[in-house]
Amino acid sequence: GTITLTSDGTNYEITQDGATYAYVANAAGGVVNASAVSITRGTTTSALSTVNSDDSSRWTLTSSKSGTNYQNDWTYSYTLPTTTPGAITVAWNSKNSTSSAMKTYLYNYQTAKWDSVGSATVGTTEDTLTWSASAPTAYVSTTGAVKVRFVGPQSTKSYTSYTDAAWLVWEP
């Protein structure tokens, strides 16, 4: 499906096929685009800017082989205009070349470890997945940085992940 980001200057909504996934009811909140990507496993030839709009121009990551298994593992970095948001929501619009379970993590700056925030099966048809943290203090650095990591399954066959949009929505 297609995701839509709308704003009336005060409120923000992320919707898919009429269903609302995230809502920020304050002008002080907003939506942040990914500013960098770090690839732990996989290869890409796509520009990061393709994840900043839902326009069917996809950022692709083909799994790389380590030992006998293939896997994708990457991190999007975001910078918030605050270090104390009241809540954050990751909205990820994607698909895979084969249906597979993808895990999502947020980097915890207090423990210096990755915290699992969700797992979902990503199919071969584009879909929107969201994860929220209502007390995100540990996930925001002293400079407002937030890191979101996506890890695909280990597989004996190569596969590709396609991201159409990856936004971070924050509330005050």
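Residues numbered from 1 in each chain as written. Predicted model: local features only at pLDDT ≥ 70, side-chain atom pairs only at ≥ 80, totals over all residues. Heavy atoms only, no water.

Another point: the overall build of the chain. Helix and strand content of the chain: 0 helices and 15 strands. The 172 residues of the chain split such that 45% are buried. Counted over contacts in the chain with a minimum sequence separation of 6, partners at least 24 positions apart contribute 71%. A total of about 7,800 Å² of accessible surface is found on the chain, and carbon and sulfur atoms cover 46% of it. (Helix = DSSP H or I, 4+ residues; strand = E, 2+ residues; numbered from the N terminus. Buried < 20%, exposed > 50% of the residue type's maximum accessible area, 1.4 Å probe, protein only. Contact = heavy atoms within 4.5 Å. Areas by Shrake-Rupley, 256 points an atom, 1.4 Å probe, with all protein chains shown as cover.)

Mapping S63 onto the fold places it in the loop between strand 6 (59-62) and strand 7 (64-66). In this structure S63 comes out as buried when scored by relative accessible area, which is 6%. Each residue touching S63, except ones within four places of it in the same chain, is listed here: G42, Y70, Q71, N72, S158 and Y159.

As a further point, take the pattern of salt bridges. Enumeration over the complete set of coordinates arrives at 2 salt bridges. The partner of R58 in a salt bridge is E126, with the nearest N and O atoms 2.8 Å apart. One end of the pair, R58, is in the loop between strand 5 (36-41) and strand 6; the other, E126, is in the loop between strand 12 (113-122) and strand 13 (127-133), and 68 residues separate them in sequence. In this structure E126 comes out as buried when scored by relative accessible area, which is 10%. In this structure, R149 and D73 form a salt bridge, with 2.6 Å as the shortest nitrogen-oxygen distance. Taken together, the positions of R149 in strand 14 (residues 145-151) and D73 in strand 9 (residues 73-79) put the pair 76 residues apart, joining distant regions of the chain. No difference in accessibility class separates R149 from D73, as the two residues are buried. (Salt bridge = Lys/Arg side-chain N within 4 Å of Asp/Glu carboxyl O.)

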